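What the coordinates show
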Amino acid sequence: MSPRNTAQRAAILDVLTETEAPLGIEQILSKGQQAVASLSQATVYRILKQMMDRGHVATVQLPGQTPLYELSGKGHHHFFRCWQCEQMFEVTGCEGLVDQLVPRGFALEDHDLFLYGLCATCRRNG
Ligand SMILES: [Zn+2]
Ligand SMILES: [Zn+2]
């Protein structure tokens, strides 16, 4: 791996490490370019793909939207998406709540959950 490639990888890893919420390609690109100005969208895609193949990065798929990316291994969690600022906030603590929704006699194996609304900042400013 060339030193240039290593710097690009490190820049993308830094972006994903410093963020609380998963990011889209454009956000990763613009933040990554602050560290490595030559970073291109094709390079970001290629490096993210490598990281996903190795299990270091996971995608978050919102219905009808392009995938977002985050570091894997953060444990089970969901997201609250703000309509207004479009930021995503991590939500935990679904265990037990979801089980109550399962019809009697059914075996739950997995679930997916998105919360939508206004974040605290947008509520205050709105
Ligand atoms: Zn908001
Ligand atoms: Zn859950």
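Refer to the structure presented above.
Since this is a predicted model, take the numbers as computed values, not measurements.

Observations concerning the coordination of the zinc ion (ligand 1)
Within the protein, Cys82 (SG), Cys85 (SG), Cys119 (SG) and Cys122 (SG) serve as the donor atoms for the zinc ion (ligand 1), at 2.3 Å. Classification of the site at the zinc ion (ligand 1) rests on its 4 donor atoms, whose angles at the metal span 103 to 117°, yielding the label tetrahedral. Spacing between the donor residues of the zinc ion (ligand 1) along their common chain follows C-x2-C-x33-C-x2-C. Accessibility expressed as a relative area gives 32% for cysteine 85, which makes it partly exposed.

Focus on the coordination of the zinc ion (ligand 2)
For the zinc ion (ligand 2), the full set of protein donor atoms is His76 (NE2), His78 (NE2), Cys94 (SG) and His111 (NE2), at a range of 1.9 to 2.1 Å. Taken together, the 4 donor atoms surrounding the zinc ion (ligand 2) define angles of 102 to 116° at the centre, an arrangement classified as tetrahedral. In the primary sequence, the donor residues of the zinc ion (ligand 2) line up as H-x1-H-x15-C-x16-H. Taken as a pair, histidine 78 in strand E3 (residues 78–82) and cysteine 94 in the loop between strand E4 (88–91) and strand E5 (114–117) lie far apart in primary sequence, 16 residues in all. With relative accessibility at 6%, the residue cysteine 94 sits in the buried group.

Topic: helix H2 (residues 25–33)
Taken together, the buried positions of H2 are Ile25, Ile28, Leu29 and Gly32. On an axial view of H2, the arc spanned by its buried residues comes to 100°, and they lie on one face.

Thoughts on helix H3 (residues 41–53)
Between the first and last C-alpha of H3 there are 18 Å, a value that for 13 residues agrees with the 18 Å anticipated at 1.5 Å per step. Among all positions of H3, only Thr43, Val44, Ile47, Leu48 and Met51 are buried. For H3, the angular spread of the buried residues around the axis is 130°, confining them to a single face. For H3, the exposed residues set more than 90 degrees away from the buried face come down to Ala42 and Asp53. In the segment just after H3, glycine 55 is the residue with positive phi, at about 80°.

Things to note about unusual backbone geometry
In this model, glutamate 86 sits at a positive phi of 65°, which is unusual for a non-glycine residue. Mapped onto the fold, glutamate 86 is located in the loop between E3 and E4.

A closer look at the nonpolar core
Nonpolar side chains in soluble globular proteins generally cluster together in the buried interior. Counting residues in hydrophobic clusters, the biggest one holds 14 residues, and the most contacted among them are Ile12, Leu16, Ile28, Val44, Leu48, Val57 and Tyr69. Of all the elements in the fold, those that place two or more residues in this core are helix H1 (3–18), H2 and H3. The element best represented in this core is H3, accounting for 4 residues. With residues up to four places along the chain from it excluded, the contact list for isoleucine 12 reads Ile28, Leu39, Val44, Ile47, Leu48 and Met51. Val60, Leu62, Leu68 and Phe114 belong to the second largest nonpolar core, which has 7 residues in total.

Calculation rules
- Residues numbered from 1 in each chain as written.
- Chains lettered and ligands numbered in written order.
- Predicted model: local features only at pLDDT ≥ 70, side-chain atom pairs only at ≥ 80, totals over all residues.
- Heavy atoms only, no water.
- Donors = N, O, S within 2.8 Å, 3.2 Å for Na, K, Ca; no water.
- Tetrahedral: all angles 85-135°; square planar, octahedral: opposite > 155°, others 65-115°.
- Buried < 20%, exposed > 50% of the residue type's maximum accessible area, 1.4 Å probe, protein only.
- Helix = DSSP H or I, 4+ residues; strand = E, 2+ residues; numbered from the N terminus.
- Arc of directions from axis to C-beta.
- Expected span 1.5 Å × (residues − 1).
- Core = buried A, V, L, I, M, F, W, Y, C linked by side-chain atoms within 4.5 Å.
- Contact = heavy atoms within 4.5 Å.

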